[in-house]
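# Coordinate inspection notes
Next come the chains, spelled out residue by residue.
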Amino acid sequence: MAKTTKTKMHKTMNPISENIRGSMVELLQTHLATAVDITYQTKQAHWNVKGMNFIAVHELFDDLHEETEEYVDTIAERLTAIGGQAHGTVQAASENSLLDPYPLDLVKSEDHLKRLTESYAKWSAAIEKGIEEASEAGDPLTEDLLTAVGRGLDKGIYFMESHFQA
Ligand SMILES: [Fe+2]
């Protein structure tokens, strides 16, 4: 479960009120930690997967890694754009990620696909709540960013799940 870490706020000419910015920075901090976590979950799967469909899933996990790295960057840069201080280290991610630790001993492609889909689904559910929170707070740009991340995660779920759904 994520801990709340108070974030240093910088002075900014960004027009959103300080209250809203503060709450959006806290929200984005949790999603930044989760993004950093998941981006190395995809690499863990990329490096260790084995099976008859090796090359396809090895490459799929790397594509997913690249997408999640984009999420890390866009989330961190929205957070700093509204005056926050990004907590982007692996240590901060490990403290604040919403995800359960990815097992280090998984090998079979189906096991990686199912486990990584679980992480994506868990994060996607949290993103949905975040979208509501940003909407209620009155920050449509953060809402829009989280919506794009959620859409990407759901596509990732579809790409992975299609291997074991039928
Ligand atoms: Fe690689």
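Predicted, not measured: the structure shown is a model, and the values here were computed from it.

Residues annotated by UniProt as "domain: Ferritin/DPS" (unreviewed entry) correspond here to residues 26–165. As annotated, residues 26–165 comprises 78% helix and 0% strand, and the C-alpha atoms at either end are separated by 36 Å.

Looking now at the packing of helix α1 (residues 18–48) against helix α4 (residues 109–137). Between α1 and α4, the least distance of the axes is 11 Å, while the angle of their chain directions is 165 degrees. Classified by the angle between their axes, α1 and α4 sit roughly antiparallel to one another. In the packing of α1 onto α4, the handedness of the crossing is left-handed. Across the contact of α1 with α4, the residue classes break down as 13 nonpolar, 10 polar and 2 charged.

Okay, the environment of Thr30 next. Relative to the assigned elements, Thr30 resides in helix α1. Its relative accessible area of 19% is what places Thr30 among the buried residues. Here the alpha-carbon distance between Thr30 and Ala93, two residues 63 residues apart in the chain, equals 8.2 Å.

The rules behind the values
Residues numbered from 1 in each chain as written. Predicted model: local features only at pLDDT ≥ 70, side-chain atom pairs only at ≥ 80, totals over all residues. Heavy atoms only, no water. UniProt positions renumbered as here; feature names shortened; annotations may be inferred. Helix = DSSP H or I, 4+ residues; strand = E, 2+ residues; numbered from the N terminus. Axes fitted to C-alpha atoms, helices over the stretch in contact; angles between N-to-C directions. Parallel < 35°, antiparallel > 145°, perpendicular 65-115°, else oblique. Left-handed = near helix turned anticlockwise from the far one by under 90°. Nonpolar A, V, L, I, M, F, W, Y, C, P; charged D, E, K, R; others polar. Buried < 20%, exposed > 50% of the residue type's maximum accessible area, 1.4 Å probe, protein only.

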